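Overview (structure and organization)
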Amino acid sequence: MTQSPIDSSSDELRAGASRRQVLRAAGVATALGATSAIAGASARQDEDPPTLRLGLVGCGGRGGGAVRDALRADPNTKLVAMGDAFDDRISSKLAELNAEEEFKGRIDVPSERAFAGFDCHEKVTDNCDVVLMASTPHFRPAQVEYAVKAGKHMFVEKPVATDAPGLRRIWAACDEAKEKNLAVVSGLCYRYQNAKRATIEKIREGAIGDIKAIECSYDTGGLWHRGQKPEWSEMETQLRNWLYYTWASGDHIAEQAIHNLDKMIWTMDDKPPLSVKANGGRIVRTDPKYGNIYDHFSAVYDFGDGVKGFFSCRQIPGAFRDVSDHAYGTKGIAHLQSHRIEGETNWRYRNPGVPDNMYQNEHNELFASIRAGEPIHNGDYMCRATLLALMGRMSAYTGQEISWNQALESKEDLAPKSYDFGDNPVKAVAQPGITPFV
Ligand SMILES: NC(=O)c1ccc[n+]([C@@H]2O[C@H](COP(=O)([O-])OP(=O)(O)OC[C@H]3O[C@@H](n4cnc5c(N)ncnc54)[C@H](O)[C@@H]3O)[C@@H](O)[C@H]2O)c1
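Everything numeric here is computed off the predicted structure, so don't read it as measured data.

A few words on the overall build of the chain. A tally of regular secondary structure across the chain gives 16 helices and 15 strands. Buried positions account for 48% of the 438 residues belonging to the chain. When contacts within the chain are restricted to residue pairs at least 6 apart in sequence, long-range pairs at least 24 apart make up 77% of them.

Written out as structure tokens, the structure is:
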């Protein structure tokens, strides 16, 4: 699992809230009676309320977390299918979940519903009502497209694409999901934290006046590396260590720091920037085992009318850590991570005594919305936030200023030549001023 600061806080928060508290806080129990929006004919219509069958695509750290959140969110859910590129990832995650007393009787994944390989998402989707997508990001467009065609509700981890062709595909699929009234709940979890929502609300009410600048940082240490084995093909090595390959992860500006870019565009009321000028490189993480991603980025997003978004992200062990966001307005400053406002208005979020685990909130709201027949659609903002990250990467890699439209229309297709466990040559590390914008 990605060892980001928010991952560990998720565990702490989870430990502090009982399942009963979580359900009560979200009002899920009251929504369980409504069944009209349950996708397809596959949900058990003879049960009241019908059991929603969960399918997991991507059996890693976050996938396990998403399953737990979904099971806790709604007592009438069951995990029935699992898929991953690798058998061993499925079996270890399944053993882990089976060993948890809390979920006794709610994990029902026999070997005929455990699917390994590149097409596992199709088989998982065919066997469930709600698909939890937590694989390596590159595959998300194909996964969402398939789920939409099959008429299934979705929880979709971030980022949702690693290149513009993928983003265009998933954006179109999300539009179709909306037409088909299918839930698309995004893993951009900060949008589900009540404390953040209240802070954004204060900004909208004018507590800091007109926004002039936003500063967002995701400066942190290194992440995991799962090693290399002589028997692994190049593709297997890359997928086991997907973080380090731009085609697979989108680079850490997209894979991890997207959370801060999402807060930037959320603060701006989801208005896209005109353009970005970014820098970046790899100065410490230079060993070939770290693929071709950078270890640091900085960027200035131009939102027009003199409003700028200043951003940095870094994955370098031993250097200072700063994961924070600040919005500067004509009447004050909002500190988004600490939920405070200072200036003409002085305000701090006070928790009214309810659990506020954003990961759990996402699933509580997802299942409540399905039960109520009003599925949530986060497709638009999850695509915008992903494009914000991709345009920053494009600018840093090429050394060019990149506009929002240029990024959206980019033809750079990072997909491997074929999806099989053979060779997959690693592209050279991008060099600003030399690497062309495509
Ligand atoms: N919202 C958050 O706070 C948060 C936190 C951590 C991770 N994430 C996101 O969740 C996703 C997974 O991250 P993780 O930390 O669990 O990584 P992980 O490596 O632990 O899990 C990813 C799994 O996907 C599998 N996989 C690779 N290709 C696949 C394919 N084609 N089909 C199905 N499975 C495939 C891998 O084998 C691996 O088991 C990423 O998109 C990551 O950015 C989000």
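To continue, consider the site of the ligand. Taken together, 30 residues form the shell around the ligand, and within it Gly58, Gly60, Arg62, Ala85 and Ser135 come nearest. Contributions of two or more residues to the shell around the ligand are made by α1 (5-16), α4 (61-73), β2 (77-84) and α6 (120-126). With three residues, α4 is the single largest residue contributor to the shell around the ligand. The class makeup of the residues in the shell around the ligand is 13 nonpolar, 10 polar and seven charged.

In this structure, Leu54, Leu132, Met154 and Leu261 are the most contacted members of the largest nonpolar core, which totals 107 residues. Of all the elements, helix α15 (residues 379-398) adds the most residues to this core, at 11 residues. Residues lining this core come from more than one domain, with at least three contributed by each of domain 1 (5-190 + 359-378) and domain 2 (194-352 + 384-409). Non-local contacts of Met154, meaning those with residues more than four positions away in its chain, are made with Val131, Met133, Val144, Ala147, Leu182, Ala183 and Val184.

We now examine the pairing of strand β1 (residues 52-57). Among the six residues that make up β1, six are buried, leaving the element largely enclosed by the rest of the structure. Of the two faces of β1, both are covered, the one formed by Leu52, Leu54 and Leu56 as well as the one formed by Arg53, Gly55 and Val57. In terms of strand pairing, β1 meets β2 through six bridges, oriented parallel. Bridge pairing links Leu54 to Leu79 in β2. Pairing of β1 with strand β4 (residues 130-133) involves four bridges; the strand directions are parallel. In the strand pairing of β4, Leu54 is matched with Val130.

If you trace the six strands from one edge of the open sheet to the other, you get β3-β2-β1-β4-β5-β6, paired in parallel fashion. The open sheet has two free edges, formed respectively by β3 (114-116) and β6 (184-186), since each of these has just one partner strand. Going from strand to strand, the sheet's axes swing by 20 degrees on average, the running direction of each strand aside. The pairing of β4 with strand β5 (residues 153-156) spans four bridges and is classified as parallel. Looking at β5, one finds that Leu132 is bridged to Phe155. Lying over the sheet, helix α5 (residues 87-98) contacts β2 and β3, oriented at roughly 155 degrees with respect to β2.

Next up on the list: the pairing of strand β11 (residues 322-329). Pairing of strand β7 (residues 211-220) with β11 involves eight bridges; the strand directions are antiparallel. Along β11, the bridge assignment pairs Glu215 with His326. The pairing of β11 with strand β12 (residues 332-335) spans three bridges and is antiparallel. Note that in β12 the partner of Ala327 across the bridge is Ala334. Following β11, the chain reverses through two residues before pairing antiparallel with β12.

What follows is about the sheet that holds strand β14 (residues 347-348). One open sheet holds the nine strands; their spatial order is β14-β13-β12-β11-β7-β10-β9-β8-β15, and the pairing between them is mixed. Looking along the sheet, the strands with just one partner apiece sit at the ends: β14 and β15 (402-403). Sitting on the sheet, helix α13 (residues 258-267) touches β7, β9 (296-302), β10 (308-315) and β11, and the angle it makes with β7 is about 170 degrees.

Our next topic: helix α14 (residues 358-371). With 14 residues, α14 should reach 20 Å at 1.5 Å per residue; the first-to-last C-alpha distance of 20 Å fits that figure. Of all the 14 residues making up α14, 12 are buried; the element is thus mostly covered by neighbouring parts of the structure. Of the positions making up α14, those classed as buried are Met358, Tyr359, Gln360, Asn361, Glu362, His363, Asn364, Leu366, Phe367, Ala368, Ile370 and Arg371. Among the residues trailing α14, Gly373 stands out with phi positive, at a value near 80 degrees.

Next up on the list: α15. Compared with the 28 Å implied by 1.5 Å per residue over 20 residues, the 28 Å span of α15 between its first and last C-alpha is a close match. α15 sits mainly inside the fold: 18 of its 20 residues count as buried. One or two positions beyond α15, positive phi appears at Gly399, with a value near 80 degrees.

Before going further, it helps to spend a moment on the environment of Ala150. Of note, Ala150 is situated in helix α7 (residues 140-150). Separated by 25 residues in the primary sequence, Ala150 and Thr125 have C-alpha atoms spaced 7.5 Å apart. In contact with Ala150, not counting residues within four places along its chain, are Thr125 and Asp126.

For the pair α13 and α15, the least separation of the axes is 9 Å and the interaxial angle reads 115 degrees. The two elements α13 and α15 meet at a crossing, and its hand is right-handed. For the pair α13 and α15, the contacting residues are Ile258, Leu261, Asp262 and Ile265 in the first and Arg384, Ala385, Thr386, Leu388 and Ala389 in the second.

Running from N to C, α7 and helix α8 (residues 164-179) cross one another at 25 degrees; their axes reach a closest spacing of 9 Å. Of the possible angle classes, the one that applies to α7 and α8 is roughly parallel. You can see that α7 and α8 cross each other, and the crossing is left-handed. Between α7, through Arg140, Pro141, Val144, Glu145 and Val148, and α8, the contact on the second element is made entirely by Gly166, Arg169, Ile170, Ala173, Cys174, Glu176 and Ala177. Taken together, the residues that form the contact of α7 with α8 break down as seven nonpolar, one polar and four charged.

Turning to its location among the elements, Val160 is positioned in the loop between β5 and α8. Expressed as a C-alpha distance, the spacing of Val160 and Ser186, which sit 26 residues apart in the sequence, is 9.0 Å. Sequence-distant contacts of Val160, defined by excluding residues within four places in its chain, comprise Arg140, Ile170, Met382, Cys383 and Thr386.

Quick notes on the rules
- The written sequence of each chain sets the order in which its residues are numbered from 1.
- It should be noted that, the model being predicted, local features are given only for residues of pLDDT at least 70 and side-chain atom pairs only at 80 or more, the latter also being counted only at that level, while totals for whole chains, interfaces and linings use all residues.
- Helix and strand definitions here come from DSSP, where helices need a minimum of 4 consecutive H or I residues and strands a minimum of 2 consecutive E residues; each element is numbered from the N-terminal end.
- Partly exposed residues are those falling between the two cut-offs: more than 12 but fewer than 20 other C-beta atoms within 10 Å of their own, whereas 20 or more means buried and 12 or fewer means exposed, with C-beta atoms placed from the backbone.
- By definition, residue pairs are in contact when their C-beta atoms, positioned from the backbone, come within 7 Å.
- Being near a molecule or strand means, for a residue, that its C-beta atom, positioned from the backbone, comes within 6 Å of it.
- Residues are grouped as follows: Ala, Val, Leu, Ile, Met, Phe, Trp, Tyr, Cys and Pro are nonpolar; Asp, Glu, Lys and Arg are charged; all remaining types, including Gly, are polar.
- Definition of nonpolar core: a set of buried Ala, Val, Leu, Ile, Met, Phe, Trp, Tyr and Cys residues joined via C-beta atoms within 7 Å.
- The start and end points of each domain follow an automatic or database-based domain assignment.
- Strands pair, by our definition, only if DSSP identifies at least two bridges between them.
- To define axes, lines are fitted to C-alpha atoms, for helices over the stretch in contact only, and angles between the resulting N-to-C directions are given on a 0 to 180 degree scale.
- For a helix, the expected span equals 1.5 Å multiplied by the residue count minus one.
- Note on convention: the crossing is left-handed when the near helix lies turned anticlockwise from the far helix by less than a right angle, right-handed when the turn is clockwise.
- Any angle between 65 and 115 degrees counts as roughly perpendicular, while under 35 counts as roughly parallel, over 145 as roughly antiparallel, and the rest as oblique.

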